[in-house]
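So the chains spell out like this:
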Amino acid sequence: MTTLVLCVDRSNDVGRKAGVETPVVGWEAVRSLVTDLGLADPEDVGVNTLLESLRVARDLQDGGEEAVVAVVSGAGDSAVRADRAIARQVDDLVANYDVDSAVVVIDSAADERAVPIVESRLTVDSVDRVVVRQARDIESTYYLLKQFLADEELRETVLVPVGVGLLILPALLYQFSTAVAVAGVASLFGAMLLYYGLGIDTFVESLPDRAREALYSGQVSVVTYVVGLGLTLVGAFLGLLEASPTDGVTFVAVMEFAYSAVPWLALAALTASFGRLLDELIRDEGVRTPYLNLPFGVVALGLVVRGFTGWFLEREAGRPALYVLGAPLAPTERLALFIVSAILLALVGVRVAATMSDEALDDVIDDGFGGSENR
């Protein structure tokens, strides 16, 4: 069994610097090549690669195996021509020497791309990559950065936000204090992490296609979604008007915002769900249970939030009491009325969904409260 110890020089440093044509075969020829290349460029890592090839061949021979050491290199003004030159040289070695397997010795990631060429012609037992000890960390970092920069997705997700942050940092430092500038850049990076961490980028990328598909298919929900967005903005605007700005962002201000905005937000969600429900009704498959439950659930959730925010405001800010049949209700009674109404409305939604769909009531309840244990 004869092993070919093959030193691969894809960049053709041997031919350019030492002026030697490849393949170079044999112990004495390769050792002479070490001297020629070392005298031409003592700093070339190829010298160490040639020495490593000789060492591997010596170790194999000391172990009782037959070994042939050889050097091949690429030639040409393109990567394709260089690879084809290596392929021709490997074919010559396989044809002229009775070798059964190969040990490939390389010194860079570029040379490693030629390994499949050798594998297609010989069984490769090992790939020995030579890294000069003094430059190990530098070279590893270089190839890591090179691989990172070659990934388009990583460039967009990391380099672009970092570049934007470095661009706006001097403007913030010039206009504001150092603390404000650092806080602004940190907020930018935090928003970037949340944007990609929560998968918002995937949703945003698919949004134009989904909107185009919905418009072309004539879905009613497109219009109701726009109306829901407008109602959401109205609710946020009215909530900001009601929130007292005197004490800044306080608990009472948040409650005032929620108390005023929740009816509009619930109406926005109800409008959007109604459009989705109409799209389901237009289909031939019928209406699925989640879309029947959604309007009732939205209104019930709005009642619960409205009840709790009203209770806090009535206890703290002296909001007027709610009158039922001419009798005022205490804050606790008012909260209980909203909670009971929300629960009853949710149950009505479950009952309506069970009546209008083919599913059993138990399945509807499981769907509404998170699914059964068997799921």
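Residues numbered from 1 in each chain as written. Predicted model: local features only at pLDDT ≥ 70, side-chain atom pairs only at ≥ 80, totals over all residues. Heavy atoms only, no water.

The name given to the protein chain in an unreviewed UniProt entry is DUF373 family protein, with Halorarum halophilum as the source organism.

Once that is clear, we can look at the overall build of the protein chain. Counting secondary structure elements, the protein chain contains 15 helices and seven strands. In the protein chain, the share of contacts with a sequence separation of at least 24, taken over all contacts with a separation of at least 6, comes to 60%. In the structure as shown, the protein chain presents an accessible area of about 22800 Å², 61% of it carried by carbon and sulfur atoms. (Helix = DSSP H or I, 4+ residues; strand = E, 2+ residues; numbered from the N terminus. Contact = heavy atoms within 4.5 Å. Areas by Shrake-Rupley, 256 points an atom, 1.4 Å probe, with all protein chains shown as cover.)

Along the chain, the position of K17 falls in helix 1 (residues 13–18). Spatially, the C-alpha atom of K17 lies 9.3 Å from that of L39, the residues being 22 residues apart in sequence. Discounting chain neighbours no more than four positions away, the residues touching K17 are L37, A40, D41 and D44. Side chain to side chain, K17 and D41 meet in a polar contact 2.7 Å long. Among the polar contacts listed, one links the side chain of K17 to the side chain of D44, at a separation of 3.1 Å. (Polar contact = N/O pair within 3.5 Å; in protein donor to acceptor, adjacent residues only side chain to side chain.)

Mapped onto the present numbering, the UniProt feature "transmembrane region" (unreviewed entry) falls at residues 179–199, 220–241, 261–279, 291–313 and 335–354. What you have in residues 179–199 is 90% helix and 0% strand, and the ends, taken at the C-alpha atoms, are 30 Å apart. (UniProt positions renumbered as here; feature names shortened; annotations may be inferred.)

A cluster of nonpolar residues, L194, L198, I200, F203, V204 and L207, forms a patch on the protein surface that exposes about 540 Å² of accessible area. If one sorts the elements of the nonpolar patch by residue count, helix 10 (residues 200–217) sits on top with four residues. On the secondary structure map, L194 appears in helix 9 (residues 178–197). Residue classification places L194 among the exposed positions, given a relative accessible area of 53%. (Patch = residues over 30% accessible without salt bridge, like charges linked within 9 Å, V, L, I, M, F, W, Y side chains within 5 Å. Salt bridge = Lys/Arg side-chain N within 4 Å of Asp/Glu carboxyl O. Buried < 20%, exposed > 50% of the residue type's maximum accessible area, 1.4 Å probe, protein only.)

So, about the packing of aromatic side chains. Summed over the entire model, instances satisfying the criterion amount to zero aromatic pairs. The aromatic ring of Y259 is capped on one face by R306, whose charged end is 3.7 Å from the ring centroid. (Phe/Tyr/Trp six-rings, centres within 6.5 Å; stacked < 30°, edge-to-face > 60°. Lys NZ or Arg CZ within 6 Å of the ring centre and 35° of its normal.)

Another point: the pattern of salt bridges. All chains considered together, the criterion is met by nine salt bridges. D44 is paired through a salt bridge with K17; the nearest N and O atoms lie 3.1 Å apart. Taken together, the residues D44 in the loop between helix 2 (27–40) and helix 3 (46–62) and K17 in helix 1 connect sequence positions 27 residues apart. Among the charged side chains, a network of salt bridges with common partners joins E52, R55, R58 and D59.

To continue, consider the sheet that holds strand 1 (residues 2–9). If you walk across this open sheet you meet the five strands as 2-3-1-4-5, and the pairing is mixed. Where the open sheet ends on each side, the last strands, each with one partner, are strand 2 (24–25) and strand 5 (123–129). As paired elements, strand 1 and strand 3 (residues 66–73) share eight bridges and run parallel to each other. Residue V8 lies in a different strand from strand 3, and its bridge partner there is V72. Set on the sheet, helix 3 makes contact with strand 1, strand 3, strand 4 (101–106) and strand 5; between it and strand 1 the angle comes to about 175 degrees. (Pairing = 2+ DSSP bridges. Axes fitted to C-alpha atoms, helices over the stretch in contact; angles between N-to-C directions.)

When you line up the elements, E314 lands in helix 13 (residues 289–317). Expressed as a C-alpha distance, the spacing of E314 and P331, which sit 17 residues apart in the sequence, is 6.6 Å.

In a regular helix each residue adds 1.5 Å, so 18 residues correspond to 26 Å; helix 4 (residues 79–96) covers 26 Å between its end C-alpha atoms and thus fits that length. Of all the residues in helix 4, the buried ones are A82, A85, I86, A87, Q89, V90 and L93. (Expected span 1.5 Å × (residues − 1).)

At the junction of T22 and P23, the peptide bond is cis and its omega measures out at 10 degrees in the coordinates. Looking at the secondary structure, you find P23 in the loop between helix 1 and strand 2. The backbone of N12 shows a phi angle near 60 degrees, a positive value even though the residue is not glycine. With respect to the helices, strands and loops of the structure, N12 is situated in the loop between strand 1 and helix 1.

On to the pairing of strand 4, then. Taking burial as the measure, the six residues of strand 4 include six buried ones, the bulk of the element. Burial of the side chains of strand 4 extends over both faces: S101, V103 and V105 are buried on one face and A102, V104 and I106 on the other. Examined bridge by bridge, strand 1 and strand 4 share five bridges and lie parallel to one another. In the sheet register, L4 faces strand 4, and the bridge partner there is A102. In terms of strand pairing, strand 4 meets strand 5 through six bridges, oriented parallel. Paired with V104 across the two strands is V127, which belongs to strand 5.

In this section: the side chain of S260. Examined against the element boundaries, S260 turns out to sit in helix 12 (residues 251–282). Sequence-distant contacts of S260, that is, excluding residues within four places in its chain, are made with L238, G239 and E242.

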